[in-house]
Amino acid sequence: MNINRVDHIGIAVPNLEEALAFYEGVLGLKSNGSEVIEDQKVKVAFLPCGDSELELLESTEPDGPIAKFIKKNGGRGGIQHVALRVDNIEKAIEDMKAKGMRMLDEKPRYGAGGAKIAFCHPKSSLGVLLELTERQ
Ligand code: ZN
């Protein structure tokens, strides 16, 4: 497994429009536009930031993982996951499993912008929700 960089930091936000007003208006970052990922029940926007990006995630359903995260976080947003870019996600998943890691996704699934992604179980990674990301 070869990790190249932090692909992005996933930040849960209660309201994407309000969050963009902060990240674009105050920090001066620029969003690539937004996309709804149905199976993850999220609407996301990516903001390139040097070699990495910030991913803002708003829940589209009251029972989605981001809605649950915000509820557990006292109604506030916050850093939800860290995504690491890998060369070959199938191999990375196999390597992680061979090292005893529990994967939330045993097979890659669709991520925003056409990436292939897989989440590791946070109980296997010291409480941090790690996402593996492969981009073409
Ligand atoms: Zn992500």
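Values in this document were obtained by computation on a predicted structure and should not be read as measured data. (Residues numbered from 1 in each chain as written. Predicted model: local features only at pLDDT ≥ 70, side-chain atom pairs only at ≥ 80, totals over all residues. Heavy atoms only, no water.)

Visitor: Outline the pairing of strand 1 (residues 3–12), supporting the account with residue identities and numerical values.
Guide: In terms of strand pairing, strand 1 meets strand 5 (residues 78–86) through 8 bridges, oriented antiparallel. Across the sheet, the residue bridging to Ile11 is Ile79, located in strand 5. (Pairing = 2+ DSSP bridges. Helix = DSSP H or I, 4+ residues; strand = E, 2+ residues; numbered from the N terminus.)

Visitor: Explain the nonpolar core residue by residue, including any values.
Guide: Formed by Leu84, Val86, Ile89, Ala92, Ile93, Met96, Met101, Met103, Ala118, Cys120, Leu130 and Leu132, the largest nonpolar core amounts to 12 residues. If you list the elements that add at least two residues to this core, you get strand 5, helix 3 (89–98) and strand 8 (130–134). The biggest single contributor to this core is helix 3, with 4 residues. Setting aside chain neighbours within four positions, we find Leu132 in contact with Leu84, Val86, Ile89, Ala92, Ile93, Met96, Met103, Lys116, Ile117, Ala118 and Cys120. Judged by nonpolar contacts, the second largest core, of 11 residues, contains Val13, Ala19, Leu47 and Leu56. (Core = buried A, V, L, I, M, F, W, Y, C linked by side-chain atoms within 4.5 Å. Buried < 20%, exposed > 50% of the residue type's maximum accessible area, 1.4 Å probe, protein only. Contact = heavy atoms within 4.5 Å.)

Visitor: Let's hear about a nonpolar patch on the surface: which residues, and what values?
Guide: A cluster of nonpolar side chains, namely Phe22, Val26 and Leu27, defines an oily patch on the protein surface of about 290 Å² accessible area. Relative to the helices and strands, Leu27 is located in the loop between helix 1 (16–26) and strand 2 (34–37). Note on Leu27: relative accessible area 47%, which makes it partly exposed. (Patch = residues over 30% accessible without salt bridge, like charges linked within 9 Å, V, L, I, M, F, W, Y side chains within 5 Å. Areas by Shrake-Rupley, 256 points an atom, 1.4 Å probe, with all protein chains shown as cover. Salt bridge = Lys/Arg side-chain N within 4 Å of Asp/Glu carboxyl O.)

Visitor: Got a sec to walk through the coordination of the zinc ion? Specific residues and values, please.
Guide: Six octahedral donors around a metal ideally make angles of 90 or 180 degrees; four tetrahedral donors ideally make 109.5 degrees. Those protein atoms acting as donors to the zinc ion are His8 (NE2), Glu55 (OE), His81 (NE2) and Glu131 (OE), and they sit at 2.1 Å. Taken together, the 4 donor atoms coordinating the zinc ion and their angles of 83 to 166 degrees define a geometry best described as irregular. (Donors = N, O, S within 2.8 Å, 3.2 Å for Na, K, Ca; no water. Tetrahedral: all angles 85-135°; square planar, octahedral: opposite > 155°, others 65-115°.)

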